[in-house]
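Each chain, written out:
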Amino acid sequence: AISKNNDADDEIGEADPSAATSSDFKRGSVILFQDDFEGEVVGEFPSKWDLLDGAAEVKTLGGKKAVEVTNNGVITPLIKEKGAYLPEEFTIEYDFYYWDSKDDIGLNDLKLCLASVADRSQWPGYYGREISFALIHAVCDAEGHHVRYENNNTDGDSKEVSFEYKFKKGWNHVALSFNKRAMKVYFNGTRVVNLPNVKQPTWLSFQVPFEYHNLTFIRNVVIAKGA
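Residues numbered from 1 in each chain as written. Predicted model: local features only at pLDDT ≥ 70, side-chain atom pairs only at ≥ 80, totals over all residues. Heavy atoms only, no water.

Draft legend 1. Local environment of the environment of Ala 182. Counting through the fold element by element, Ala 182 comes out in strand 10 (residues 182-187). Once residues lying within four places of it in the same chain are set aside, the contact partners of Ala 182 are Ser 177, Leu 195 and Pro 196. (Helix = DSSP H or I, 4+ residues; strand = E, 2+ residues; numbered from the N terminus. Contact = heavy atoms within 4.5 Å.)

Draft legend 2. The pairing of strand 9 (residues 170-179), seen in detail. Taken across its 10 residues, strand 9 has eight buried, putting it largely inside the fold. In this sheet, strand 9 lies alongside strand 4 (residues 89-98) in antiparallel orientation, the contact comprising 10 bridges. Looking at strand 9, one finds that Tyr 94 is bridged to Val 174. The pairing of strand 9 with strand 10 spans six bridges and is antiparallel. Counterpart to Phe 178 in the pairing with strand 10 is Met 183. Hairpin connection between strand 9 and strand 10: a loop of two residues separates the two successive antiparallel strands, and Lys 180 in this loop has a positive phi of roughly 65°. (Buried < 20%, exposed > 50% of the residue type's maximum accessible area, 1.4 Å probe, protein only. Pairing = 2+ DSSP bridges.)

Draft legend 3. A look at the nonpolar core. Tyr 94, Phe 133, Leu 135 and Phe 206 are the most contacted members of the largest nonpolar core, which totals 55 residues. Apart from residues no more than four positions distant in its own chain, Phe 133 is found in contact with Leu 112, Cys 113, Leu 114, Val 147, Arg 148, Tyr 149, Leu 176, Met 183, Val 185, Leu 195 and Val 198. (Core = buried A, V, L, I, M, F, W, Y, C linked by side-chain atoms within 4.5 Å.)

Draft legend 4. Structural detail: the confidence of the model for the chain. In the predicted model, the chain carries a mean pLDDT of 88, and 89% of its residues have values of at least 70. Segment residues 1-21 is flagged for pLDDT under 50; beyond a separation of four residues in sequence, or across chains, it makes 58 contacts in the model. (pLDDT = per-residue confidence, 0-100.)

Draft legend 5. Summary view of unusual backbone geometry. For Asn 71, which is not a glycine, the phi torsion comes out positive at approximately 55°. Looking at where Asn 71 falls in the secondary structure, it is placed in strand 3 (residues 64-77). Among the residues examined, Asn 71 registers a relative accessible area of 30% and is labelled partly exposed. Even without being a glycine, Asp 141 presents a positive backbone phi close to 60°. Here Asp 141 lies in the loop between strand 6 (131-140) and strand 7 (144-149).

Draft legend 6. Broad picture of the packing of aromatic side chains. All told, the structure shown has 18 aromatic pairs when counted by the stated rule. Measuring from ring centre to ring centre gives 4.9 Å for Phe 96 and Phe 167, while their planes differ by 80°; the resulting arrangement is edge-to-face. Of this pair, Phe 96 sits in strand 4 while Phe 167 is found in the loop between strand 8 (159-164) and strand 9, placing the two residues 71 residues apart along the sequence. Relative accessible area serves as the criterion here: at 0%, Phe 96 is assigned to the buried category. A relative accessible area of 0% means that Phe 167 is categorised as buried. The rings of Phe 96, Tyr 98, Phe 163, Tyr 165, Phe 167 and Phe 187 are connected pair by pair, giving a single aromatic cluster. One residue, Lys 111, lies across the ring of Tyr 126, its end atom 4.5 Å from the ring centre. Above the ring of Trp 171, the side-chain terminus of Arg 219 is found at 5.5 Å from the ring centroid. (Phe/Tyr/Trp six-rings, centres within 6.5 Å; stacked < 30°, edge-to-face > 60°. Lys NZ or Arg CZ within 6 Å of the ring centre and 35° of its normal.)

See the structure below:
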């Protein structure tokens with residue numbers, strides 16, 4: 001495993017000029033889940049989350065608390081109600097830290113996976129019949145990102161769309177908006193994905209491949225009803 005020091009800063013990434021330019025995102029009106037991790041104890045597993053695989057714990061990065069996910073970890077919000085909880089219209093937001101080619105890590109990514117089934121006992125992966133939509137983006141040394149998704153006309157035949165965006169070192173903001181079947185993704189306020197037909201998502205998880213340490217950090221997670 002490769003360790004990194006925490007010489008974090010608070011720069012926010014900017015869009016590639018060739019990317020789609022739209023900042024029409026608006027958070028849903030009813031908060032379903034929210035966690036900035038500030039009330040958590042460093043070194044412990046975050047109290048508002050569940051662990052489906054790997055490892056995760058709260059750490060401090062640049063003076064801000066965040067959850068680090070490692071060892072092929074998968075985390076999901078701890079929602080008490082059983083089954084699906086994402087409504088027909090919702091927004092999801094989170095911040096993650098981008099390292100910009102630090103310490104020869106090479107390519108590494110973070111997956112936000114939206115399931116299409118009610119069973120929340122295991123990670124559904126990021127393609128195939130049990131996944132509705134997956135956003136896969138770099139956390140270190142890459143400008144290319146992609147989404148995988150099922151639409152309402154396919155049966156296990158995932159589609160994939162790639163796109164370019166250059167994050168800057170520091171915290172970057174990701175937002176998703178789903179409206180009955182339309183999915184939009186925003187990086188730092190710029191719309192980078194706009195899909196008109198995505199299968200209804202049911203619940204979400206974050207997955208981090210590989211076993212790097214002090215690399216993948218997530219904070220300010222907000223799920224809201226409405227889009």
